[in-house]
Amino acid sequence: MNSGSFLLNILILGVPFSVALLLAGLGEMINQRAGIFNLGCEGIMAMGAFIGFLPPYFLARTELAGSANLIGIVLAMVAGALLGLLFALVVVTFRAPQGIAGIGLQMLGWGTAGTLFRHYVGGVTGVPGIQPLPIPGLSKIPFLGPVLFNHTILVYGAFLLVPVFWYVLFKTPWGLKVRAVGTYPRAADSMGINVARVRYQALAVGGAMAGLAGAYLSLAQARMFADDLIAGRGFIAVALVYFGRWHPVGVMGGALLFSLAQTLQLSIQVAGIKFPYEFAVMLPYILVIVVLALVRKAKMVGPTELGKPFDREQRV
Amino acid sequence: MNKRGKLAYNAFIVIVAALAAMAIGAIILAAVGADILKAYLVILTEPLKDMIGITEIIVRAIPLSIIALGIAIAFRSGILNIGAEGQMMMGILASSAVAIALPGLPKYMLIPLAILAGAAGGAVWGGIAGVLKARLGVNEILSTVMLNYIAAQFYTFLLRGPMMDPEELVTGSGTPQTVRIPRAAWLDRLIPGTRLHTGVFIALGLAVVVFLLLWRTSTGFKMRAAGAEAKAARYAGVRVERYLIIAMLMSGACAGIAGSIEILGVHRRAIEGVTGGYGFTGIVVALFGGLHPVGIIPASMFFGLLLIGADMTQRLASVPANMVLVLQGAIILAIVSARQFMNNPYVQDRISRFVARLSGRPQPPVQPGPDASCPDPSDSIDPCLADEPDQNIEETAR
Amino acid sequence: MGHEPIRSLELRGITKRFPGILACDHIDLSVGEHSVRALVGENGAGKTTLMNIIMGLYQPDEGHIFINGSEVRFRSPNDAFDHGIGMVHQHFMLVQNMTVAENVALGLKSSHKPFRLDLAAVRKRIIEVSERHELPVNPDAYIWHLSVGEQQRVELVKTLCLGARFLILDEPTSALTPQETDELIVKLQKMSQELSIIFISHKLHEVKSLSDTVSILRRGRIVFEGNTADHSSSSLAALMTGHEVELPRVEAATESKATGPGLLSIQSLCVLGDRGNLALDRVSLDIAPGEIVGLAGVSGNGQRELAEALNGLRAVESGSIDLDGIEIAGASAGRIIGEGMGYIPEDRDTEGIVPSFSVRENLVLKDIDDRDWSRGGFLRLGAIASNATELRERFDIRCPSTDTAAGSLSGGNIQKVILARELARGPKVLIAVYPTRGLDMGAEEFIHKQLLARRSEGVAILLISEELEEIMNLSDRVAVIYKGQILKVMPGKDATKRSLGLLMAGVADE
């Protein structure tokens, strides 16, 4: 395989591989902008992947088979939003520390998905999943065509969400509230904004996005469900948001970067290059650490109050 | 709050956590159509029915308690070590390598060496995260989680390659495992017919050591100060960054020792899946035990019980063993919620009034005047993310 | 939202309890049209709580609020805004990395269209209000670019944009220079012709110059209400504290024994701030043994960076710090502590003590490795305990036991713990940063006495404070810091409010 097609291969794989990270990352961006980081993202993605997978699995031979994917996606988002709300209960209402609570949520989500999977499905089964939808005309462009325009509809949707999230965060009243609540909740409170309510809403949105990301993995990318499907992508999404400076474009860039590290591993195998499999798999994780180490502490481009619970009664 | 109040406070939190977790677990059990009562009964009582069950609980409790002790050191020093899984794996690799490489040594030399190697392996792996946090401000939860994944790959690589038992290649079965480690390195079984091994004494010894370290030495004092209020500790001349690294080294070493003991005492060779989620369960054990050796020992027994029980429910009540993860996650959420909830001065006020009314003592007086007091925090650390953002402002990127 | 003017605001029987504390005790207050009411009281008397109740941030446990005779219930600040009440808080409620317009938009519900934030309308309103009241602000400026005085103007404009016809100001002059204060007072006097104003202050001279009537709050109750003109500052002070208060003055103490070279000698010190700016610009200062040097200045001109650099908590770019012959610039905090530096930091709760540690543990926090407190690495618990008992006695620290968590003590007692620890170590130099901030007069008196006592023992003391009274009372010499430079050092007896005020504002006389 020559270097040109090697590169092409990486890019073709890289774009759809980044979608799970992108979707989860956009959701986590909203969370963090509101002042909360949700390490349970990984667990929500696991639940989303499983719940998204269920309708196509069960409805395969019924007349609902056509819309099974859509049902799966919607249910996954609902489940994700509910888990996000559960997290909100713990960290906003009970003001528990977000780091540990996130790990707890991750275990809960992962364990529940695994338990239900073993019970209802049993073994590793595939589903037809979502098929790619090449855009007529554009997908024929040499080089750019296969890279950009020959993907599933979710991929197009995910990238279209980037400007949508930009608009919501910076041009709508709700986005303004979210940003205020994450930077100076006391000021927002004094202006009559219900800090807790905004945070609940943000976490619900973040959870829904994580659920969607999980469903994408099981329906469009791997087209199956397994215990280790998520493989740390939820955590990577959380790191992504720091790296992307809490901005949708930054999150998109980060998602592409990390997915490239992953597709590099696959491409190396396909190209037959002699490189130990396990080391190639390590690459994305090492990259996360490197990126976190090199990124200078963001001098408050984003939420200054990230990680701190808000208590009106607390003396200033 | 006095000592008795503190004990009651911690006990209350544990009970609330356990109940809340069981409630959440019940929901999932219902979702799999299991008999909820039967499932819990099996989990909590079945393992206690015979000697094998009871010794197995202790066998599980040994690595759990050691890992939890290490995590308690880290959490109390202000650094959240989620990387015990990876550190345990590195400890296993180092320990097995040393044991296999030195078969000629007598027992009293080989065992300590192997365990030390395990400690070193875990310490190095934990130290990486510690240095990243201390020098570069890298969030330790993210770095330790990433290091877990990296360690897992490295472990598999070695076990399928350089460290694989040559026998496996010959017979062609290709099971990723090392040769049996030399007899001299084995930790003896205490009760014939069971897997209970001398590692239990190491666990108990470590519990004493950790207690003395954290509460009776000046080093431990400084570590706890750094964990409780890093700013004040810095102002008092404590080199917070240095102690973060030391804490991670110690924490990783504990995980490494736990791994090493599992190999020397139970499996007698390095195999896949030996860490079995101990790294994460250890975190729950640590929290459940109030980050204190006195609580961690019973907590590790309790979770040993849960783990064995969960295995049994798979057979007896057809509930998948993953259930135990659900319970663990629920317990973490419940503990941190309950603790924070109890720290709320309004809640404390209500409760002390309630208790006063029950016991007929006079109500605490409501005084006019000077500034409000802070809530009386428990002795345990509040595991908050120590990654405090700068208070400085810069242009928002648009 | 009614547009009728607020002719009267009345509070009847307002009571508010927090756990263990009665913050407001059946308070009655009534303010009429076009009047300026001062609400005065010591720290912790309940003033801010009361105002927060009026603003709808807290719900009163008992009592009623009446506007123009009809009862109102404020369940959130939105209700207060709707009725025309606005508040400028002591710590500005402005989101730093947003613009002025965005900050106003947060509260201006009319700009919250379904999918769009109508910033154009907000901008229009800001300009309208700003011109009408002569409070120039730039709607598109980022808050973090603005000076403290400008930010306060933004706060005023914000409340007016939200329709305030009744203004509450909480310690409006706490971060202003004397000149800015005068400007503000003129502005407020003008505004009082249209609005009614309540302002909270503990600075009696401001109360005298601005208010028509004054209410004095002590321990949650109104203890006095009357016309400002009828009373002198000292009688108001007496009413505030309940007894005659005479703060110790350095004149009453002996002549300064200060002779010879400085015990602490700072030469040409350059230190960078958090934003990479030059926080200290060639600062030079000498403090002799047995002398108190007061450093006056508006908070934010380099005081924090100076204290941090002196204690090894901030890097030094250039220059030297000499402590009794030893160069300590750039040394570690631990080493500087060992050389005899004492430090009472600005933030007592997070910098001075470890709140979850016990009182006795905090009292040995800095010296835990000393032979007194640990042997062979192991703590000497008995010695630590008896030390605590002794210090508790000596410094009159009120706590249930020395085993209690230090964070649960009152502010004054926490400061005593810090003081006890620092002084028991017998430091050569003591740096006290805003030591009496937020404390009641009794605690303030205690601390001042302690400082003077150390002074006569030959300790060199650097007192950094915003309170000009405190500086003028205690200092042998006064230095003024402005934008990282020492503008002038003068003997204590030459320091007047006026001369210090000018220097604090950056006006260096020839």
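Residues numbered from 1 in each chain as written. Chains lettered and ligands numbered in written order. Predicted model: local features only at pLDDT ≥ 70, side-chain atom pairs only at ≥ 80, totals over all residues.

Q: So, the overall build of chain B: which residues are in play, and what are the values?
A: Looking only at helices and strands, chain B has 15 helices and one strand in total. Across the 398 residues in chain B, those meeting the buried criterion constitute 57%. Long-range pairs, those at least 24 residues apart, make up 77% of the contacts in chain B with a sequence separation of at least 6. (Helix = DSSP H or I, 4+ residues; strand = E, 2+ residues; numbered from the N terminus. Buried ≥ 20, exposed ≤ 12 C-beta atoms within 10 Å, placed from the backbone. Contact = placed C-beta atoms within 7 Å.)

Q: Tell me about the domain arrangement of chain B, and name the residues and values.
A: Residue and element names in this part refer to chain B. Per the domain assignment, the segments of chain B are domain 1 (1-32 + 320-351) and domain 2 (51-317). Taking only C-alpha atoms into account, the centre of domain 1 sits 25 Å from that of domain 2. Counting residues at the interface gives eleven residues for domain 1 and twelve residues for domain 2. Secondary-structure elements contributing two or more residues to the side of domain 1 that touches domain 2 are α1 (3-31) and α14 (323-343). A per-class count over the side of domain 1 that touches domain 2 returns nine nonpolar, two polar and no charged. (Domains from an automatic or database assignment. Nonpolar A, V, L, I, M, F, W, Y, C, P; charged D, E, K, R; others polar.)

Q: Tell me what's going on with the packing of helix α10 (residues 233-243) of chain A against helix α12 (residues 277-294) of chain A, and back it up with residues and numbers.
A: Residues and elements named next belong to chain A. The interhelical angle for the contact between α10 and α12, taken along N-to-C directions, is 30°, at an axis separation of 10 Å. Looking at the two axes, α10 sits roughly parallel to α12. Here α10 runs over α12; the crossing is left-handed. For the pair formed by α10 and α12, the contact residues are Ile236, Ala239 and Phe243 on the first element and Pro284, Val288, Val291 and Leu292 on the second. Of the residues belonging to the contact of α10 with α12, the class tally is seven nonpolar, no polar and no charged. (Axes fitted to C-alpha atoms, helices over the stretch in contact; angles between N-to-C directions. Parallel < 35°, antiparallel > 145°, perpendicular 65-115°, else oblique. Left-handed = near helix turned anticlockwise from the far one by under 90°.)

Q: Tell me about the nonpolar core, and name the residues and values.
A: Counting residues in hydrophobic clusters, the biggest one holds 402 residues, and the most contacted among them are Leu23, Ala49, Phe50, Tyr216 and Leu240 of chain A together with Ile67 of chain B. Leave out the neighbours within four places in its chain, and Phe50 of chain A touches Ala113, Leu116, Phe117 and Phe225 of chain A. (Core = buried A, V, L, I, M, F, W, Y, C linked by C-beta atoms within 7 Å.)

Q: Can you lay out the domain arrangement of chain C for me, pointing to particular residues and giving the numbers?
A: Residue and element names in this part refer to chain C. Taken domain by domain, chain C holds domain 1 (9-241), domain 2 (246-340 + 426-510) and domain 3 (355-425). Just the C-alpha atoms count here: the centres of domain 2 and domain 3 sit 26 Å apart. Taken together, the contact pairs twelve residues of domain 2 with eight residues of domain 3. Among the elements that take part in the side of domain 2 that touches domain 3, helix α15 (residues 441-456) stands out by supplying four residues, more than any other. Residues belonging to the side of domain 2 that touches domain 3 are distributed by class as follows: seven nonpolar, three polar and two charged.

Q: Can you break down helix α9 (residues 218-228) of chain B residue by residue, with the values?
A: For α9 of chain B, the buried fraction is high: ten of the eleven residues fall into the buried class. All of the buried residues in α9 of chain B are Ser218, Gly220, Phe221, Lys222, Met223, Arg224, Ala225, Ala226, Gly227 and Ala228 of chain B. Structurally, α9 of chain B contributes buried residues whose contacts are with α3 (51-76), α8 (199-216), α10 (230-235) and α11 (240-267) of chain B together with β19 (374-375) and β20 (378-379) of chain C.

Q: How would you sum up the sheet that holds strand β18 (residues 341-344) of chain C? Please name residues and give values.
A: All names here are of chain C. Read from one edge of the open sheet, six strands run β18-β21-β22-β15-β23-β24, paired in mixed fashion. Taken across any chain shown, the strands that pair with only one partner, and hence form the sheet edges, are β18 and β24 (485-491). Direction aside, the axes of adjacent strands within the sheet are offset by 15° on average. Two elements, strand β23 (residues 477-482) and β24, share six bridges in a ladder whose sense is antiparallel. Counted as the bridge partner of Ile481 is Ile486 from β24. Docked against the sheet, helix α17 (residues 497-504) engages β15 (292-296), β23 and β24, running at close to 30° with respect to β23. (Pairing = 2+ DSSP bridges.)

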